[in-house]
Amino acid sequence: MLINADVNAKSHQELAACGSSSEIDDPSNDPKDAAEWGHQREIRAELIRWLCVDPNAITLIDPEGIALLGARVVGSLNLDLVHPPFGLRLVRCSIPDSMSLQYAELGRLSLRGSYTGEINAAGSHLLHGAFMNLGFHASGEVAFGNSRIDNDLNCSGGSFTHNKAEGTEPWAAEMPALFLGASRIQGPIWLSDGFHANGAVDVNGVTCTDLICSGGRFINPGNLALNALLANVSHAVALNAYGRSGGMEADGLVQFGGAKVGGVFWAMGAKFMGKENEPHGFSAPAISVGEGFFWQNVELQNGAIFNLSDSSVGGLLDDESSWPQPGRLAIDGFTYGDIYAGPTDARSRLRWISLESRSTLPWFTLEGSFHPQPYRELARVLRNRGDDAGARQVLIAEERAHYAGLSLPLRMWGAFVGTVIGYGYEPLRAVAWSLAVVLLGWAAVSIGKRAGVLRPTWPENRPASTDDPYEELHPLLYSLDVFLPFVNLHQEHYWWPDANASGECVMLGRAIRVRGRTLRYYLWLQVVIGWLLSAIFIAGVSGLISQ
């Protein structure tokens, strides 16, 4: 076995070439063709374990560790509980049977470009990182749950797939292809640059510096494509297009619920795919992002959801083309320090809020059809940006949406209050309406005076002597006297329409018959309107209605 191994070749990074070529990228070292390799390239899995556990053998291993290029490992590789003072580098090797490294401690684990079966490294400790990248291919689940990796976990350009048979673990239903749950990684997790997973990628509860998914494909239709529930990322999350790498593509649900991101969350150019009747989209309820949340040029296909309920970000950057369909948005409880880029006017943002309507999806439930918090948060942000008019527009829209879901009498009252004083946010509207009513009353009293249907209020106000002058009728003052509840201009007290009188008034060349009874009814209505508008104005100015 390994009769061609060049164990002294330092020029190719201390890798013992097991085939005829020492070049890593030589086609003869491609493990997908391992079935055609001769027996001279084989190494028994038991031999690798013996080299890691035998005290005498360990002393003969170079500090760089076991390093093979283009070997075929025969049998299941069991490295459970081993603690050799070196690492394991199996580059472009064929390891068709299972690998187990449970609670093992190694320097570096590199499976660059190798083809493997199922790998279980739960509870392992890797001092110098794990590398399953650059053409790595696993035919079964790769699990590093509750492990500790003191450097990068690099899976860029790797291919992962779930086991054919569903396991018995609590998370087995998500069909995991790569499981890192509760791992502590003191570097970035690279799931980028050609990374492909056929099954769930589970990083729930993981601690790492960065999560890089640019150019990765996460395929698990109708299931979790990426599960980052409660992940703790100290720097950045990147789902975006970067350099030659396109944005992340996910067929299934991308979950970041309860995650904490200390820096920026990038999602520009990401694509969320799936069937309309299957769970898919982006769901991050209660996520916390310390800096900006970039959501631009995003594709939400076939009704993909966008859930940021109860979340908090330092700032929001988005565009309208990246918004979801109506009934697919959840932003109740979402807070953001500012809008860094994207629509900042009240009208556009109100369209954004209106997308949060009742959902009919069995896997995405929105309780109720009205949530006040998104309106109030938007109003706060606009006010902080100096857009007080926009903030008032948003708060008025909130009240309008609130009354729209109430009973018919309350909807009618809401429409009246909104028209008159903007639900208390624009109380000066009442002044304009009051002026209109007073002017209308001025015209009505003027017509009544010219038609002769207004009479002195004798005998109550009969002058002491018929020769003494009687109070003169002034139509404008009369209208103000009738309208204002707490003002007495001594007009209404001395003059009142005679219900039995009628007369004519010529207007625009036409004679109009005026009845005192009709004018009396109108003045009574104006008295009621005066009291109502005055009360609403006072309530609006004092803030009672808006509260």
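Rules of the game
Residues numbered from 1 in each chain as written. Predicted model: local features only at pLDDT ≥ 70, side-chain atom pairs only at ≥ 80, totals over all residues. Heavy atoms only, no water. Helix = DSSP H or I, 4+ residues; strand = E, 2+ residues; numbered from the N terminus. Rg over C-alpha atoms; globule rule 2.2 N^0.38 Å. Buried < 20%, exposed > 50% of the residue type's maximum accessible area, 1.4 Å probe, protein only. Salt bridge = Lys/Arg side-chain N within 4 Å of Asp/Glu carboxyl O. Pairing = 2+ DSSP bridges. Expected span 1.5 Å × (residues − 1). Axes fitted to C-alpha atoms, helices over the stretch in contact; angles between N-to-C directions. Parallel < 35°, antiparallel > 145°, perpendicular 65-115°, else oblique. Left-handed = near helix turned anticlockwise from the far one by under 90°. Contact = heavy atoms within 4.5 Å. Nonpolar A, V, L, I, M, F, W, Y, C, P; charged D, E, K, R; others polar. Patch = residues over 30% accessible without salt bridge, like charges linked within 9 Å, V, L, I, M, F, W, Y side chains within 5 Å. Areas by Shrake-Rupley, 256 points an atom, 1.4 Å probe, with all protein chains shown as cover. Phe/Tyr/Trp six-rings, centres within 6.5 Å; stacked < 30°, edge-to-face > 60°. Lys, Arg positive; Asp, Glu negative; His and termini not counted. Polar contact = N/O pair within 3.5 Å; in protein donor to acceptor, adjacent residues only side chain to side chain. Core = buried A, V, L, I, M, F, W, Y, C linked by side-chain atoms within 4.5 Å.

A. A look at the overall build of the protein chain. Each helix and strand in the protein chain was counted, giving nine helices and 43 strands. Whereas a compact globule of 547 residues would reach a radius of gyration of roughly 24 Å, the protein chain reaches 39 Å, over 25% beyond that. Overall, the C-alpha framework of the protein chain stretches about 140 × 40 × 35 Å when taken along its three principal axes. Across the 547 residues of the protein chain, 52% fall into the buried class.

B. Summary view of the pattern of salt bridges. Evaluation of the coordinates by the stated rule reveals 14 salt bridges. One salt bridge in this structure joins Glu-42 and Arg-72, with 2.6 Å as the shortest N-O distance. One end of the pair, Glu-42, is in strand 2 (residues 42-44); the other, Arg-72, is in strand 4 (residues 72-74), with 30 residues separating them in the sequence. With a shortest N-O distance of 2.6 Å, Arg-380 and Glu-377 are connected by a salt bridge. Of this pair, Arg-380 and Glu-377 both sit in helix 4 (residues 372-384), three residues apart, which is roughly one turn of the helix. Residue classification places Arg-380 among the partly exposed residues on the basis of a relative accessible area of 32%. Overall, Glu-377 belongs to the buried group, its relative accessible area being 8%. If you follow the salt bridges from partner to partner, you end up with Asp-30, Lys-32 and Arg-92 in one network.

C. Focus on unusual backbone geometry. Unusually for a residue other than glycine, Asn-297 sits at a positive phi of about 55°. As for its placement among the helices and strands, Asn-297 is situated in the loop between strand 33 (288-295) and strand 34 (299-300). Look at Asn-297 and you get exposed, because its relative accessible area is 55%. Backbone geometry places Asn-302, a non-glycine residue, at a positive phi of 50°. Counting through the fold element by element, Asn-302 comes out in the loop between strand 34 and strand 35 (305-307).

D. The arrangement of the pairing of strand 3 (residues 66-69) in detail. Neither face of strand 3 is left uncovered, since the one carrying Ile-66 and Leu-68 and the one carrying Ala-67 and Leu-69 both have all their residues buried. Sheet topology places strand 1 (residues 16-17) next to strand 3; two bridges connect them, and they run parallel. Its bridge partner lying in strand 3, Ala-16 is registered against Leu-68. Note that strand 3 and strand 6 (residues 88-91) share four bridges and pair parallel. Bridging across to strand 6, Ala-67 finds its partner in Arg-89.

E. Main features of helix 7 (residues 429-451). Taking 1.5 Å of rise per residue, the 23 residues of helix 7 would be expected to cover 33 Å, and the 33 Å separating its terminal C-alpha atoms lies within 8% of that figure. Among all positions in helix 7, only Ala-430, Ser-434, Val-437, Val-438, Gly-441, Ala-444, Val-445, Gly-448 and Ala-451 are buried.

F. Seen up close, the packing of helix 3 (residues 346-354) against helix 4. The contact between helix 3 and helix 4 brings their axes to 11 Å, and the two run at 155°. For the element pair helix 3 / helix 4, the angle class is roughly antiparallel. You can see that helix 3 and helix 4 cross each other, and the crossing is right-handed. Between helix 3 and helix 4, the contacting residues are Ala-346, Arg-349, Leu-350 and Ile-353 on the first element and Pro-374, Tyr-375, Leu-378 and Leu-382 on the second. When its residues are assigned to classes, the contact of helix 3 with helix 4 shows seven nonpolar, no polar and one charged.

G. The packing of helix 4 against helix 5 (residues 388-404), seen in detail. In contact at an axis separation of 8 Å, helix 4 and helix 5 are set at 170° when each is read in the N-to-C sense. Considering their axes alone, helix 4 and helix 5 lie roughly antiparallel with respect to each other. Residues Pro-372, Tyr-375, Arg-376, Leu-378, Ala-379, Leu-382 and Arg-383 of helix 4 form the contact with helix 5, whose own contacting residues are Asp-388, Gly-390, Ala-391, Val-394, Leu-395, Ala-397, Glu-398 and Ala-401.

H. Up close: a nonpolar patch on the surface. A cluster of nonpolar side chains, contributed by Leu-477, Phe-486, Val-487, Leu-489 and Trp-531, occupies part of the molecular surface with about 480 Å² of accessible area. For Trp-531, the position within the fold is in helix 9 (residues 516-542). For Trp-531, a relative accessible area of 46% gives the class partly exposed.

I. Geometry of the packing of aromatic side chains. Taken as a whole and assessed by the stated rule, the structure comprises 23 aromatic pairs. With a centroid separation of 5.4 Å and an interplanar angle of 35°, the aromatic rings of Phe-160 and Phe-195 are classed as tilted. Of this pair, Phe-160 sits in strand 19 (residues 159-161) while Phe-195 sits in the loop between strand 22 (189-190) and strand 23 (196-198), and the two are 35 residues apart along the sequence. An angle of 10° between the planes, with centres 4.2 Å apart, marks the rings of Trp-295 and Phe-306 as stacked. You can see Trp-295 sitting in strand 33 and its partner Phe-306 sitting in strand 35, a full 11 residues away along the chain.

J. Spatial organisation of the pairing of strand 26 (residues 217-227). Sheet topology places strand 23 next to strand 26; three bridges connect them, and they run parallel. In the sheet register, His-196 faces strand 26, and the bridge partner there is Arg-217. As paired elements, strand 24 (residues 200-202) and strand 26 share two bridges and run parallel to each other. Across the sheet, the residue bridging to Asp-202 is Asn-227, located in strand 26. Across six bridges, the pairing between strand 26 and strand 28 (residues 249-255) is parallel. The partner of Leu-226 across the bridge, within strand 28, is Val-254.

K. The arrangement of the side chain of Asp-152 in detail. Residue position: Asp-152 is located in the loop between strand 17 (148-149) and strand 18 (153-154). Despite its burial, Asp-152 pairs with no opposite charge, the nearest such side chain being Arg-108 at 9.6 Å. Within the local environment of Asp-152, its side chain forms a polar contact with the side chain of Trp-190, the two groups lying 3.1 Å apart. Apart from the residues within four sequence positions on either side, Asp-152 is in contact with Gly-129, Ala-130, Gly-187, Pro-188 and Trp-190.

L. Highlighting the side chain of Gln-491. By the secondary structure assignment, Gln-491 is in the loop between helix 8 (475-483) and strand 41 (495-497). Polar contacts involving the side chain of Gln-491 include one to the main-chain carbonyl oxygen of Glu-472, which spans 3.0 Å. Of the polar contacts made by the side chain of Gln-491, one reaches the backbone nitrogen of His-474; its length is 2.8 Å. Setting aside its immediate chain neighbours within four residues, Gln-491 contacts Glu-471, Glu-472, Leu-473, His-474, Leu-477, Tyr-478 and Asp-481.

M. Broad picture of the nonpolar core. Within the largest apolar cluster, 106 residues are counted, with the highest numbers of intra-cluster contacts made by Phe-256, Phe-265, Phe-272 and Phe-282. Counting residues per element, this core draws most heavily on helix 4, at five residues. Judged by nonpolar contacts, the second largest core, of 28 residues, contains Val-417, Val-420, Ala-444 and Val-453.

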